[in-house]
Amino acid sequence: MLSIRSTVLSCLVVLGLVAGCGDTSPPCDTPDASVPVTCDSVGVELCGDSCVSIESDPKHCGGCDKACATGEGCEGGVCVSLCQIDGKQVSAGAVNAANSCEQCTPATSVTAWTQRADGTPCNPGQVCSAGQCTPKCFIDGVVYAAGAPNPANACETCVPATSTTQWTARASVPLLVGGEDITAQGWTAISQTPNTLTYGADYVRLETSTISGGRTSGQLLITRANALDATKPFKIHVTMQVESVNNHNQLDSGAAILGSFTSPAGNSTDRSQMIYLDSGAIGWADDTQSAAFPVTDGAYHVYELAVNAAKVATVSIDGVAKLTRNNFTTTGAIAIGDQTNDPSVDGAVRIKSVERLCP
């Protein structure tokens, strides 16, 4: 139990404290007016009687009373131009989150997104084109679609997944893609009735026939000019199925591959070095060499004509060499199909692809 004396002393102490903060004395928590107000945060300064951020306050940007102009904001203590888009303040140069090919460009518009320049990188493997981020290439100041060849070198192409700024080497140049219109691909048909040219999902089909008792037959030869450089070595691959064919006559064939062609049926040189395909053999059309092969076996085969720098030609089927000859010459044009209108020298072939191999 507390003594009476201890209780009295405690009350005196409390009364003394109350008297010290009485009506005639200053409040106990009033600061000393002689102590200045300070702003301790980084990037914050005392402007007048307030602490403000000189990093972001447009009225005190970079320092007290350094106000930004109308239409500007303060970022990092520097006045910057702004856009007001969809009710939001956007910094100059900021990219549209919904379309990486648009950005805030106050000099163009302060109320709408501005398209970024064509060729600007956006997503990986893509560049801006007409305001959209697409898989294209931007090379030497020009935007190219995926798959577009180098105008200066057809053995290079735009492959955005590999590079959007440089050409990518490719293994071959497609000259004909089956199932697609041959005229649009640069081919011309030389024909005489009766014949049919039709398309499947991945092939073009050529067929000729002879009217009973007719003195001539159908002819259907597709040809492409400038398929290769006649001054350089080349390799041509023809992926083809021979459905049916009559045996050839010398210098004429119902199913032929010509590595050189002069309209309308090939000159004497073209025809002598023409490759004929009979039902069970292939050979040079001047009958200097042939090789047995089940041509009409119902399968597609890759027929290759390769000519080296010494003008030595080699014909291979599915990678196996079958024919050779020296002094092969070419006009740069090639042709495939029924080359003759001789009666009963007809054929039906399906061509899946023709391509020139790259060095």
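Look above for the structure.
Residues numbered from 1 in each chain as written. Predicted model: local features only at pLDDT ≥ 70, side-chain atom pairs only at ≥ 80, totals over all residues. Heavy atoms only, no water.

**Digging into the overall build of the chain**
Each helix and strand counted, the chain has two helices and 30 strands in total. Scored against the burial criterion, the 359 residues of the chain give a buried share of 39%. In the chain, the proportion of contacts linking residues at least 24 apart, taken out of those at least 6 apart, comes to 52%. (Helix = DSSP H or I, 4+ residues; strand = E, 2+ residues; numbered from the N terminus. Buried < 20%, exposed > 50% of the residue type's maximum accessible area, 1.4 Å probe, protein only. Contact = heavy atoms within 4.5 Å.)

**Points about empty space enclosed by the protein**
Rolled over the atoms, a probe sized like a water molecule indicates the empty space that remains. The full count for this structure, using the stated rule, is three cavities of 30 Å³ or more. Mapped onto the lining of the largest cavity, the elements with two or more residues apiece are strand S19 (204–208), strand S29 (334–338) and strand S30 (347–357). (1 Å grid on protein atoms, 1.4 Å probe; cavity = no way out; pocket = protein on both sides within 12 Å on 5 of 7 lines; lining within 4 Å. Points joined across faces, edges and corners; volume = space filled by probe spheres on them.)

**Observations regarding the state of the cysteines**
Evaluation of the coordinates by the stated rule reveals nine disulfides. Residue Cys61 pairs covalently with Cys74 via a disulfide, S to S 2.2 Å. Around the S-S axis, the bridge from Cys61 to Cys74 shows a dihedral of about 85° and counts as right-handed. Here Cys74 lies in strand S3 (residues 72–75) and Cys61 lies in the loop between strand S2 (50–53) and S3, a separation of 13 residues in the sequence. The residues Cys61 and Cys74 share a single accessibility class, namely buried. Each disulfide pairs two cysteine sulfurs, and for Cys68 the partner residue is Cys79, the sulfurs being separated by 2.0 Å. Across the S-S bond of Cys68 and Cys79 the torsion is about -90°, and the bridge reads as left-handed. Remark: Cys79 occurs in strand S4 (residues 78–85) and Cys68 occurs in the loop between S2 and S3; sequence separation between them is eleven residues. Cys79 sits in the partly exposed class, given a relative accessible area of 30%. (Disulfide = S-S within 2.5 Å.)

**Re the layout of surface pockets**
Reported here for the largest pocket is a volume of approximately 370 Å³. Contributing to the lining of the largest pocket are 13 residues, with Pro233, Phe234, Arg356, Leu357 and Pro359 lying nearest its centre. Looking at the lining of the largest pocket, the elements that each hand over two or more residues are strand S14 (153–157), strand S21 (234–245) and S30.

**Points about the nonpolar core**
Counting residues in each nonpolar core, the largest one holds 41 residues, and the members touching the most others are Met240, Ile351 and Val354. With six residues, S21 is the largest single contributor of residues to this core. Not counting chain neighbours up to four residues away, the residues in contact with Ile351 comprise Leu176, Gly178, Asp202, Tyr203, Val204, Leu206, Ile222, Thr239, Met240 and Ile336. Counting residues in hydrophobic clusters, the runner-up holds nine residues, among them Ala256, Leu258, Ala285 and Ala333. (Core = buried A, V, L, I, M, F, W, Y, C linked by side-chain atoms within 4.5 Å.)

**Side note on the environment of Ile211**
Inspection of the secondary structure puts Ile211 in the loop between S19 and strand S20 (219–224). Among the residues examined, Ile211 registers a relative accessible area of 57% and is labelled exposed. For the pair formed by Ile211 and Thr193, sequence separation is 18 residues and the distance between their alpha carbons is 9.4 Å.

**A short note on the sheet that holds strand S25 (residues 290–292)**
Strand pairing in a sheet is mediated by backbone hydrogen bonds. Such pairs are either parallel or antiparallel. With respect to topology, seven strands assemble into an open sheet ordered S17-S20-S29-S22-S23-S24-S25, the strand pairing being antiparallel. In this open sheet, the two edge strands, each paired with only one partner strand, are strand S17 (187–192) and S25. Direction aside, neighbouring strands of the sheet carry axes that sit 15° apart on average. Bridging between strand S24 (residues 281–284) and S25 involves three bridges; their strand directions are antiparallel. Counted as the bridge partner of Ile282 is Ala291 from S25. (Pairing = 2+ DSSP bridges. Axes fitted to C-alpha atoms, helices over the stretch in contact; angles between N-to-C directions.)

**Overview of the pairing of strand S26 (residues 301–307)**
With six of seven residues buried, S26 is to be regarded as a mostly interior element. From the end of S26 to the start of strand S27 (residues 313–317), which pair antiparallel, there are five residues, and Lys311 there has a positive phi angle of about 70°.

**Looking at the pattern of salt bridges**
This model, assessed by the stated rule, comprises seven salt bridges. Of the charged contacts, one joins Asp202 and Lys352 as a salt bridge, the two residues approaching to 3.7 Å between their closest N and O atoms. Taken together, the residues span a long stretch of sequence, with Asp202 in the loop between strand S18 (195–199) and S19 and Lys352 in strand S30 at a distance of 150 residues. On the basis of relative accessible area, Lys352 is assigned to the partly exposed category, the value being 30%. Asp252 serves as the salt-bridge partner of Arg271, at 2.6 Å between the closest nitrogen and oxygen. (Salt bridge = Lys/Arg side-chain N within 4 Å of Asp/Glu carboxyl O.)

**Thoughts on the sheet that holds strand S13 (residues 149–150)**
Reading across the sheet, the three strands line up as S13-S14-S15 and stay open at both edges, with antiparallel pairing between neighbours. The open sheet has two edge strands, S13 and strand S15 (168–169), and neither has a second partner. Here S14 pairs with S15 via two bridges, running antiparallel. Bridging from a neighbouring strand, Glu156 pairs with Ala169 of S15.

Remember that the coordinates give geometry; whether it matters functionally is a separate question.
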